[in-house]
Amino acid sequence: MHDPSNDEELVRSAAALIISRRIAIIGTVPEKPKPHHEPEEPRAAESGPEAERDLRLMRCALEAAALAAERGEVPVGAVVAKDGEILATAHNERETLKDPTAHAELLALRRAARELGSWRLTGCTLYATLEPCPMCAGALHAARISRLVYAAQDPKAGASGTLYNLPADPRLNHTYPYKSGVLRDESAALLRAFFEQRRGRQ
């Protein structure tokens, strides 16, 4: 049975993450492409530089997602980082730009490519608050991304393990490892609150 108090607690938790200041990421972790999904469980046992980095950068993506919600956009945020340094941050802008392709992941990839001066994003990791759709998962393939980390699964359009598994498709000429579930509940709470509020206005 659904308990509304749980949603309120998750929303408060997500809000606390959003208002917290961004933490500098120090140190590097080698990122080698692996053609498999990194296991989600057990979350509590994860530790070390990479796990901490993933949490911190996903918090930045959540900040971007919250900004999207404030602007009337579906709250999805994305960050592209290389060697622990943020290259680009973006959120959904389909309504703002009147562009069906203006997903957070695509905008972040474009900005990161401009920052690097190359379309190849080898050595980069993309952090997204929602599982990439087929379009975005395909764009990650085209960008030769080295790793994907996302928070919540998308049962309606997820193409990174849910409906499709484009990152690990051996028929493609590039595969990349992905990790899911990082700050999943906080991301899901933001999405749920946004759509509940929108339904209330109708």
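This write-up is about the structure you can find in this document.

Cut-off values and rules
Residues numbered from 1 in each chain as written. Predicted model: local features only at pLDDT ≥ 70, side-chain atom pairs only at ≥ 80, totals over all residues. Heavy atoms only, no water. Axes fitted to C-alpha atoms, helices over the stretch in contact; angles between N-to-C directions. Helix = DSSP H or I, 4+ residues; strand = E, 2+ residues; numbered from the N terminus. Parallel < 35°, antiparallel > 145°, perpendicular 65-115°, else oblique. Contact = heavy atoms within 4.5 Å. Nonpolar A, V, L, I, M, F, W, Y, C, P; charged D, E, K, R; others polar. Phe/Tyr/Trp six-rings, centres within 6.5 Å; stacked < 30°, edge-to-face > 60°. Buried < 20%, exposed > 50% of the residue type's maximum accessible area, 1.4 Å probe, protein only. Lys, Arg positive; Asp, Glu negative; His and termini not counted. Salt bridge = Lys/Arg side-chain N within 4 Å of Asp/Glu carboxyl O. Pairing = 2+ DSSP bridges. Core = buried A, V, L, I, M, F, W, Y, C linked by side-chain atoms within 4.5 Å.

Concerning the packing of helix H2 (residues 49-70) against helix H6 (residues 184-201)
- One way to put it is that H2 packs onto H6 with a least axis distance of 11 Å and a crossing angle of 0 degrees. Put simply, H2 runs roughly parallel to H6. Listed contacts from H6 to Leu62, Ala65 and Ala69 of H2 are Glu186, Ser187, Leu190 and Phe194.
- Partitioning the contact of H2 with H6 into residue classes produces five nonpolar, one polar and one charged.

Quick look at the packing of aromatic side chains
- Across all of its chains, the model carries two aromatic pairs by this definition.
- Aromatic side chains Tyr150 and Tyr178 sit 6.3 Å apart centroid to centroid with 15 degrees between the ring planes, which places their arrangement in the stacked category. In this pair, Tyr150 is assigned in strand E5 (residues 147-152) and Tyr178 in strand E6 (residues 178-180), connecting sequence segments 28 residues apart. Of the two residues, Tyr150 and Tyr178, both sit in the buried class.
- Here Phe194 and Phe195 contribute two aromatic rings whose centre-to-centre distance is 5.2 Å and whose plane-to-plane angle is 80 degrees, an arrangement assigned as edge-to-face.
- The buried category is assigned to Phe194, whose relative accessible area is 9%.

Some remarks on the side chain of Arg144
- Relative to the assigned elements, Arg144 resides in the loop between helix H5 (134-142) and E5.
- One buried charge, Arg144, has no salt-bridge partner; the nearest side chain with opposite charge is Asp169, at 13 Å.
- For Arg144, the contacting residues outside a window of four places in its chain are Trp119, Arg120, Leu121, Thr122, Asn173 and His174.

Brief notes about the pairing of strand E2 (residues 77-82)
- A large share of E2 lies buried, amounting to five of its six residues.
- Between E2 and strand E3 (residues 85-91), which pair antiparallel in sequence order, lie two residues; one of them, Asp83, sits at a positive phi of approximately 55 degrees.
- Note that E2 and strand E4 (residues 124-130) share five bridges and pair antiparallel. Residue Ala81 lies in a different strand from E4, and its bridge partner there is Thr125.

Quick look at the nonpolar core
- Judged by nonpolar contacts, the single largest core of 34 residues is most densely connected at Val80, Leu109, Leu121, Leu126, Leu140, Ile145 and Leu148.
- Within the residue set of this core, elements represented by two or more residues are E2, E3, helix H4 (104-116), E4, H5, E5 and H6.
- Considering each element in turn, this core owes the most residues, seven residues, to H4.
- Discounting residues that sit within four places of it in the chain, Leu148 has contacts with Leu126, Pro132, Leu140, Ser160, Tyr176, Pro177, Tyr178 and Lys179.
- Within the second largest apolar cluster, 14 residues are counted, among which are Ala65, Ala81, Tyr127 and Ala151.

Any functional reading would require information beyond the geometric quantities listed.
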